[in-house]
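Spelled out from the first residue to the last, the chains are:
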Amino acid sequence: MIQLIKGFKDILPGEVEIWQQIEKITVSLLEDFGFKEIRIPIMEHTELFARSIGEDTDIVEKEMYTFRDRSGDLVTLRPEATASICRAYIQHKLFAKEPVQKLFTIGPMFRCEKPQKGRYRQFYQINAEIFGVASPLVDVELIVLLTTLFSRLSVSDIKAHINSLGCPECRPGFKAALTDFLASRTENLCSNCARRKDRNPLRVLDCKVPGCREEMAESPSLMDYLCPECLQDFESVKTNLEALNIPFVVDKRLVRGLDYYNRTTFEIQTGSLGAQNAVAGGGRYDGLVKELGGPDMPATGFAIGFDRLAEIVRLNIPEYVKTPDIFLAVLGKQNQSLVFEWKCALGIKGVKAEMDFSGRSLKSQMKRADKMKAKHVLIVGDNEIKEGSAILRNMVTKEQVSIPINGIVENVVAKL
Ligand code: ATP
Ligand code: MG
């Protein structure tokens, strides 16, 4: 039997309703906050990701699904959405119509990393990006949006972690100090960190290996290296979060695995997911639009890990399944076409109607209606058709009434 590819997964009925609910609640909230949807392709020229995410990042070095297509072009299944949204913002000159653009997208991402709980090779993200606003208040707005979303989804075990990654002015000083610090401790780092400590030292800060975490406890902090502008910006983020009563912690180890971030960076972490505890991550990436050939335009955004969110929401809201308004139990195959017409007419009127095409006994059809949690059952056989009236049973009260077949669709609708 052919099985799924490792690290990929199916989302089956029963689980998919949670995803739909999350999506509905999220989209409505994003729209309340002024975001518009953008849909972007799942494949792009490899260069887009290599240039934006950075050649020395884990994603570009070893996680991307990259291949040559039939015309020989080097293409990649997108590992994240920000680069594509920026590309679209630049390519369609959205900034020319209105520099401030608030965009969101929802869809699958692909990273060939080690599959485990909360970590898949095809996973889903909800992305939101704000272009054209330099004020740190919009970073705060994004965090407010996320905490509002989690509260609407009844997810309570979360905390916002924030940090500043500085800017091209002040980060090099910190990078140098960090590189010096790491050089004195190479033998205690995991092999991954020992390799990346020179090329991408910031990434060592959020290594999940316990030995590295211990080692990094005394590492220099970016906070001590921020330039006055970055510091003022970060103070403003903190003051405004406090004013809004949003709990947060300043986490000096918080960095992102992508090179384009600067200044405010944040992550929403949960206590309910074990090791893969980040449900959403984001921050400012002021240099990226220009780097990709667009105007010098500040930008900030976040990505929610949909799979991880679905995992914790399931713990909190009861299963949600839409049950049929009516089940049409038809006796005798010769009557199926007629009843099928009624079922279609009910569907057109917006009634969720189901019927049985097996020609099985009334008892087994009633059993099936019960299992589907149908609210009503309409019973129709030769006798009912001869007498011109069908039986409508309310499955909750068990009450049965007889309703005329002449004008049956309207008669049923009136009774539901
Ligand atoms: P992590 O440190 O968990 O690897 P990341 O820094 O690689 O996360 P981002 O690129 O910032 O993650 O993506 C944002 C969110 O997408 C993460 O917070 C997480 O919830 C989710 N995510 C990232 N990679 C995966 C994956 N392989 N499977 C499921 N969800 C993922
Ligand atoms: Mg990762």
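Every chain's residues receive numbers from 1 upward, in the order its sequence appears when written. The naming scheme follows written order: chains are lettered A onward, ligands numbered 1 onward. Predicted model: local features are reported for residues with pLDDT of at least 70 only, side-chain atom pairs are reported and counted for 80 or more only, and whole-chain, interface and lining totals are derived from all residues. Water and hydrogen atoms play no part in the side-chain values, which are based on all heavy atoms of the structure.

## A few points about the pattern of salt bridges
So, point 1. Each salt bridge in this description consists of a side-chain nitrogen of Lys or Arg and a carboxyl oxygen of Asp or Glu lying within 4 Å of one another. Applying the stated criterion to the full structure yields 22 salt bridges.
So, point 2. The residue D139 makes a salt bridge to R284 at a minimum N-O spacing of 3.1 Å. Of this pair, D139 sits in helix 6 (residues 137-152) while R284 sits in strand 10 (residues 278-284); the two residues are 145 residues apart in sequence, bridging distant segments of the chain. Accessibility classification places D139 together with R284 in one group, the buried group.
So, point 3. In this structure, E215 and R185 form a salt bridge, with 3.1 Å as the shortest nitrogen-oxygen distance. Here E215 is found in helix 10 (residues 210-216), whereas its partner R185 is found in the loop between helix 7 (171-183) and helix 8 (191-196), with 30 residues between them in sequence.
So, point 4. Linked through salt bridges whose partners overlap, the residues forming this network are E47, R51 and E291. Helix and strand assignments come from DSSP, with helices taken as H or I runs of at least 4 residues and strands as E runs of at least 2, each series counted from the N terminus. Exposure categories follow from relative accessible area, calculated using a 1.4 Å probe and restricted to protein chains: below 20% of the type maximum is buried, above 50% is exposed, and the middle band is partly exposed.

## Some details on helix 17 (residues 408-415)
So, point 1. Within helix 17 the residues assigned to the buried category are I408, V409 and V412. Along helix 17, the residues classed as buried sweep out an arc of 100° about the axis, all on the same side. The directions from the helix axis to the C-beta atoms are what the arc is built from.

## A look at a nonpolar patch on the surface
So, point 1. Exposure above 30% relative accessible area and no salt bridge define the residues that can form patches, which grow by joining like charges within 9 Å and nonpolar side chains of Val, Leu, Ile, Met, Phe, Trp and Tyr within 5 Å. Note that accessible areas follow from Shrake-Rupley with a 1.4 Å probe, and for residues the cover is restricted to the protein chains shown. A cluster of nonpolar side chains, I42, M43 and F67, forms an exposed patch at the surface whose accessible area comes to about 240 Å².
So, point 2. Residue classification places I42 among the partly exposed residues on the basis of a relative accessible area of 37%.

## Some thoughts on the domain arrangement of the chain
Many descriptions give the size of an interface as the accessible area lost when the pieces come together.
So, point 1. Start and end points for every domain follow an automatic or database-based domain assignment. Segmentation of the chain into domains returns domain 1 (16-170 + 226-316) and domain 2 (326-415).
So, point 2. Each of domain 1 and domain 2 has a C-alpha centre, and these two points are 50 Å apart.

## Comments concerning the packing of helix 1 (residues 16-32) against helix 6
So, point 1. One way to put it is that helix 1 packs onto helix 6 with a least axis distance of 10 Å and a crossing angle of 145°. The way helix 1 lies across helix 6 gives a crossing that is right-handed. Counted together, I25, T26, S28, L29, L30 and D32 of helix 1 and L145, T148, L149 and R152 of helix 6 form the full contact between these two elements.
So, point 2. All residues other than Ala, Val, Leu, Ile, Met, Phe, Trp, Tyr, Cys, Pro, Asp, Glu, Lys and Arg, Gly among them, are scored as polar; the first ten of these are nonpolar and the last four charged. Residues belonging to the contact of helix 1 with helix 6 are distributed by class as follows: five nonpolar, three polar and two charged. Only the stretch in contact is used when fitting a helix axis, every axis being a line fitted to C-alpha atoms; angles between N-to-C directions are given from 0 to 180 degrees. Crossing handedness follows the turn of the near helix against the far one: under a right angle anticlockwise gives a left-handed crossing, and clockwise gives a right-handed one. Any pair of residues with heavy atoms lying within 4.5 Å of one another is described as a contacting pair.

## Observations regarding the sheet that holds strand 8 (residues 248-250)
So, point 1. Taken in spatial order, the eight strands of this open sheet run 1-5-6-11-10-9-7-8, and their pairing is mixed. Only two strands of the sheet have a single neighbouring strand rather than two, namely strand 1 (36-37) and strand 8.
So, point 2. The pairing of strand 9 (residues 262-270) with strand 10 spans six bridges and is classified as antiparallel. Note that in strand 10 the partner of F266 across the bridge is G282.
So, point 3. Taken strand by strand, helix 11 (residues 228-243) contacts strand 7 (158-164), strand 8 and strand 9, and its axis lies near 160° from that of strand 7. Here the rule is simple: two strands pair whenever DSSP picks up at least two bridges between them.

## Describing helix 14 (residues 336-348)
So, point 1. With 13 residues, helix 14 extends 18 Å from end C-alpha to end C-alpha; this agrees with the ideal 18 Å at 1.5 Å per step.
So, point 2. Those residues of helix 14 that sit buried are Q336, V339, W342 and L346. Taken end-on, helix 14 shows its buried residues confined to a sector of 120°, consistent with a single buried face. Seen from the buried face of helix 14, the exposed residues on the opposite side, beyond 90 degrees, are S337, E341 and I348.
So, point 3. For helix 14, the secondary structure elements touched by its buried residues are strand 12 (326-330), strand 13 (353-355), strand 14 (376-380) and helix 17. Helices are assigned an expected span. That span is 1.5 Å times one less than the residue count.

## Considerations on the site of ligand 1
So, point 1. The full set close to ligand 1 counts 16 residues, and R111, E113, R119, R256 and A278 are the nearest of them.
So, point 2. Counting of polar contacts relies on pairs of N or O atoms within 3.5 Å, with two restrictions inside protein: one atom must be capable of donating a hydrogen and the other of accepting it, and residues adjacent in sequence are counted only when both atoms are side-chain atoms. Note that an oxygen atom of ligand 1 is positioned 3.1 Å from one of the side-chain N or O atoms of R308.
So, point 3. Burial of ligand 1 by the protein amounts to 94% of the accessible area it has alone, namely 580 Å².
So, point 4. Of all the elements in the fold, those that place two or more residues in the shell around ligand 1 are strand 6 (122-131), strand 10 and strand 11 (299-305).
So, point 5. In terms of residues, the shell around ligand 1 owes the most to one element, strand 10, which gives three residues. Nearness of a residue to a molecule or strand requires only that one of the residue's heavy atoms be within 4 Å of it.

## Re unusual backbone geometry
So, point 1. At N245, a residue that is not glycine, the phi angle is positive and equals roughly 60°.
So, point 2. Note on placement: N245 falls in the loop between helix 11 and strand 8.
So, point 3. Classification of N245 as exposed rests on a relative accessible area of 68%.
So, point 4. Positioned with a positive phi, R263 is a non-glycine residue whose angle comes to about 45°.

## Brief notes about the pairing of strand 7
So, point 1. Most of strand 7 is tucked away, with five of its seven residues classed as buried.
So, point 2. Bridge analysis of strand 7 against strand 9 gives seven bridges, and the strand direction is antiparallel. Across the sheet, H161 pairs through a bridge with E267, a residue of strand 9.
So, point 3. Looking at chain direction, strand 7 and strand 8 are connected through three bridges and run parallel. Paired with I162 across the bridge in strand 8 is V250.

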